[in-house]
Amino acid sequence: PYWTGYEYLERIMPGIQAQPVELTTPTRMLDGHISRDELALLASIAKYVSPKRLFEFGTFDGLTTLNFAKNTPEDTEIYTLNLPDDQKATVYNLDGFNRKYLPNGGRLWFEGTPYVRKIKRIRTDSAEFDTTGYKGVFDLVFVDGAHTYEYCKNDSEKALEMVSENGVILWH
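Residues numbered from 1 in each chain as written. Predicted model: local features only at pLDDT ≥ 70, side-chain atom pairs only at ≥ 80, totals over all residues. Heavy atoms only, no water.

Draft legend 1. A look at the packing of helix α2 (residues 36-49) against helix α3 (residues 63-70). Orientation of α2 relative to α3, taken along the N-to-C sense of each, is 35°, at an axis distance of 9 Å. The handedness of the crossing between α2 and α3 comes out as right-handed. Within the contact between the two elements, α2 uses L39, L42 and A46 and α3 uses L63, T64, N67 and F68. Here the residues of the contact of α2 with α3 are counted per class, giving five nonpolar, two polar and no charged. (Axes fitted to C-alpha atoms, helices over the stretch in contact; angles between N-to-C directions. Helix = DSSP H or I, 4+ residues; strand = E, 2+ residues; numbered from the N terminus. Left-handed = near helix turned anticlockwise from the far one by under 90°. Contact = heavy atoms within 4.5 Å. Nonpolar A, V, L, I, M, F, W, Y, C, P; charged D, E, K, R; others polar.)

Structure below.
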């Protein structure tokens, strides 16, 4: 029912459709998950880019993180940023839509998998995240944290600082 962008991607990333990807998805996608098509698209891009380092703003339940880990090289370092489970106050105000996706301490999809060794969790508000030491080092940055103007602006500005010279930034 919506355009996935593969036709356009094939023009800028030749051969992307020919690469098989491995996906883990729940039987029923939950409110807050990206769609299976979007997940497949993200996994395809991650596999194509083959990042040395990948950064994700917004872990949620770790489903996208796991699929990034499954479709990147063994030595890829994946950093995923989310609020600590017990933090309900945020730097910028969240509306009701965004507040319902605050961490609840549930199990993350990548926990207990062999991919967990590739994943480094950063537990802080993205508005307080210090990019010192992370500037220009990520080949792929995925921005999917809070969807308010202030957080989208904040996370986008930080992504632009953190992406490598030939890196890719994706937004959801």
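Draft legend 2. Representation of the pattern of salt bridges within the structure. Counting across every chain of the model gives eight salt bridges. For K52, the salt bridge is made with D75, and the minimal N-O distance between the two is 2.9 Å. In this pair, K52 sits in the loop between α2 and β1 (53-57) while D75 sits in the loop between α3 and β2 (77-82), placing the two residues 23 residues apart along the sequence. For the salt bridge of E77 with R53, the shortest nitrogen-to-oxygen distance reads 3.3 Å. Placement of the pair is E77 in strand β2 and R53 in strand β1, with a sequence separation of 24 residues. Residue classification places E77 among the partly exposed positions, given a relative accessible area of 24%. Judged by its relative accessible area of 29%, R53 falls in the partly exposed class. (Salt bridge = Lys/Arg side-chain N within 4 Å of Asp/Glu carboxyl O. Buried < 20%, exposed > 50% of the residue type's maximum accessible area, 1.4 Å probe, protein only.)

Draft legend 3. The arrangement of α3 in detail. Summarising burial for α3: eight of the eight residues are buried, a large majority. Buried residues belonging to α3 abut α2, β1, β2, β3 (119-123) and β4 (138-143).

Draft legend 4. Spotlight on the sheet that holds β1. Strand order across the open sheet formed by five strands is β3-β2-β1-β4-β5, with parallel pairing between neighbours. Each edge of the open sheet carries a strand with a single partner, namely β3 and β5 (163-171). When strand polarity is set aside, the average angle formed by the axes of neighbouring strands in this sheet is 20°. Examined bridge by bridge, β1 and β4 share four bridges and lie parallel to one another. If you follow L54 over to β4, its bridge partner there is L140. Along the sheet, α2 contacts β4 and β5; its crossing angle with β4, the most-contacted strand, is approximately 165°. (Pairing = 2+ DSSP bridges.)

Draft legend 5. Here's a closer look at α2. Compared with the 20 Å implied by 1.5 Å per residue over 14 residues, the 20 Å span of α2 between its first and last C-alpha is a close match. All buried positions along α2 are accounted for by L39, A40, L41, L42, A43, S44, I45 and A46. Buried positions along α2 lie against α1 (6-12), α3, β4 and β5. Directly after α2, the chain includes S50, whose backbone phi takes a positive value near 50°. (Expected span 1.5 Å × (residues − 1).)

Draft legend 6. The arrangement of the side chain of E56 in detail. Relative to the helices and strands, E56 resides in strand β1. Among buried Asp, Glu, Lys and Arg side chains, E56 stands out as unpaired, with R121 the closest opposite charge at 8.8 Å. Within the structure, the side chain of E56 is placed 2.6 Å from the side chain of T80, a separation counted as a polar contact. Among residues more than four places away in sequence, those in contact with E56 are T64, T65, F68, Y79, T80, L81 and F142. (Lys, Arg positive; Asp, Glu negative; His and termini not counted. Polar contact = N/O pair within 3.5 Å; in protein donor to acceptor, adjacent residues only side chain to side chain.)

Draft legend 7. Expanded view of the nonpolar core. Counting residues in hydrophobic clusters, the biggest one holds 26 residues, and the most contacted among them are I45, F68, L140 and L170. Contributing elements (two or more residues each) for this core: α1, α2, α3, β4 and β5. The element contributing the most residues to this core is α2, with six residues. Aside from chain neighbours lying at most four places away, what touches L140 is I45, A46, V49, P51, R53, L54, F55, F68, V168 and L170. Counting 13 residues, the second largest nonpolar core, distinct from the first, contains F57, I122, V141 and A159. (Core = buried A, V, L, I, M, F, W, Y, C linked by side-chain atoms within 4.5 Å.)

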